[in-house]
Amino acid sequence: MNLGYRRLLRPDEISRISRLEVKARQIVEGFLSGLHRSPYFGQSVEFVQHREYVPGDDIRRIDWKAWSKTDRYYIKQYQEDTNLRTTLVVDLSESMQFGSKAITKYEYGCTIAASLAYLLLRQSDSVGLVTFDAAVRSQIEHHSKQTHLNSILAALDAQKPAAKTDIFDVLQQVAEQQARKGMIVIVSDFFVPRPGLFKGLNLLKFRGHDVMLFHVLDDQELDFDYSGTTKFEGLEDSGDLTCDPRSLRDGYQEAMHTYLAELRRFCSHGQIDYQTIRTSEHVDAVLAHYLNNRFGISHSGRR
């Protein structure tokens, strides 16, 4: 790995997070992934099972014999279809440049994405990457080979946050391109209009995806612990402001807490996994706590 890659995925963090198991909370395409204690599903085309048709499925996979007997549409599943398929969706809008200390939100978000990619590829699961601001900026196709990590890290390392965010159009494009159900992991500060965000998340859930949000925020965005006359430089065309931050702190924190509560409530009702993360937290500790709680399900049973 070059120095840019090491900035995103440090060896000491890899050694700790590699003990985690990443297992989808929902049954994704019919089988648990985890450590693949069931037989490894590679490129075999052996028939496994049926599942009900959902919008977006390839109609060529419909089992017409099953339809003639049941009057319901079913899709044939093969072993190659049953691996966990994860799309990492990483925000590189201008607001992700912010960092009150040594690391920006974008650098932190890239570390989360890189860590998840490492874990999933280590399990031979399929991982793809989408980066976005006002539109999709880059896409890396899904692959399951461990060498695919280099492509994901190179794409993350090459990006620089620049433009505003238009998250609904991005999530709509992601939903349209992912015909197969899988896990969608979105890493962002979510400084976006709520209607578009909620509409996009609902669309992903409607398509049957398991959706997971990592809400990355700088400590100062949560604590607003400034003192003395301060100039705030706006990002994403929000303008600059010079003021005494103490006069704004109560109102700012109330607005922030209201927004976070609304986002958590929406995600809870929609069965979307959500986690607020401070950039001061160690990435390996965040992933260990979150993933061990989120994916605490049986290897052999079904939900």
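Coordinates for the structure precede this section.
The notes below deal with the structure included here. (Residues numbered from 1 in each chain as written. Predicted model: local features only at pLDDT ≥ 70, side-chain atom pairs only at ≥ 80, totals over all residues. Heavy atoms only, no water.)

## Quick notes on the overall build of the protein chain
Phase 1 of the analysis: Scanning the protein chain from N- to C-terminus turns up 10 helices and 10 strands.
Phase 2 of the analysis: Looking at the protein chain as a whole, 50% of its 303 residues qualify as buried.
Phase 3 of the analysis: Of the contacts made within the protein chain by residues no fewer than 6 positions apart, 75% connect residues no fewer than 24 positions apart.
Phase 4 of the analysis: When the accessible surface of the protein chain is split by element, carbon and sulfur atoms take 49% of a total near 14700 Å². (Helix = DSSP H or I, 4+ residues; strand = E, 2+ residues; numbered from the N terminus. Buried < 20%, exposed > 50% of the residue type's maximum accessible area, 1.4 Å probe, protein only. Contact = heavy atoms within 4.5 Å. Areas by Shrake-Rupley, 256 points an atom, 1.4 Å probe, with all protein chains shown as cover.)

## Focus: the nonpolar core
One recurring pattern in soluble globular proteins: nonpolar side chains tend to sit buried together.
Phase 1 of the analysis: Formed by 36 residues in total, the largest nonpolar core has its most connected members in Leu88, Ile112, Leu116, Leu129, Leu156, Val185 and Phe214.
Phase 2 of the analysis: Of all the secondary-structure elements, those providing two or more residues to this core are strand E3 (85–91), helix H4 (105–122), strand E4 (126–132), helix H5 (148–158), strand E6 (183–188), strand E7 (210–217) and helix H10 (283–294).
Phase 3 of the analysis: Those residues in contact with Leu88 that lie beyond four places of it in its chain are Ala113, Leu116, Ala117, Val127, Gly128, Leu129, Val130 and Val185.
Phase 4 of the analysis: Core analysis: the next-biggest nonpolar cluster, separate from the first, contains 28 residues, Ile167, Phe190, Val211 and Leu263 among them. (Core = buried A, V, L, I, M, F, W, Y, C linked by side-chain atoms within 4.5 Å.)

## Focus on unusual backbone geometry
Phase 1 of the analysis: Phi at Phe190 takes a positive value of approximately 55°, unusual for a residue other than glycine.
Phase 2 of the analysis: Non-glycine residue Gln271 carries a positive phi angle of around 55°.
Phase 3 of the analysis: With respect to the secondary-structure elements, Gln271 resides in the loop between helix H9 (249–269) and strand E10 (273–278).

## A closer look at the sheet that holds E10
Phase 1 of the analysis: The strand order across the open sheet built from six strands is E5-E4-E3-E6-E7-E10, with neighbouring strands paired in mixed fashion. Edge positions in the sheet fall to strand E5 (136–143) and E10, since each has one partner strand and no second. Sheet twist, expressed as the average angle between the axes of neighbouring strands with direction ignored, equals 15°.
Phase 2 of the analysis: Docked against the sheet, helix H6 (residues 167–177) engages E3, E4, E5 and E6, running at close to 25° with respect to E5.
Phase 3 of the analysis: Seen against the sheet, helix H7 (residues 194–206) touches E6 and E7 and runs at an angle of roughly 150° to E7. (Pairing = 2+ DSSP bridges. Axes fitted to C-alpha atoms, helices over the stretch in contact; angles between N-to-C directions.)

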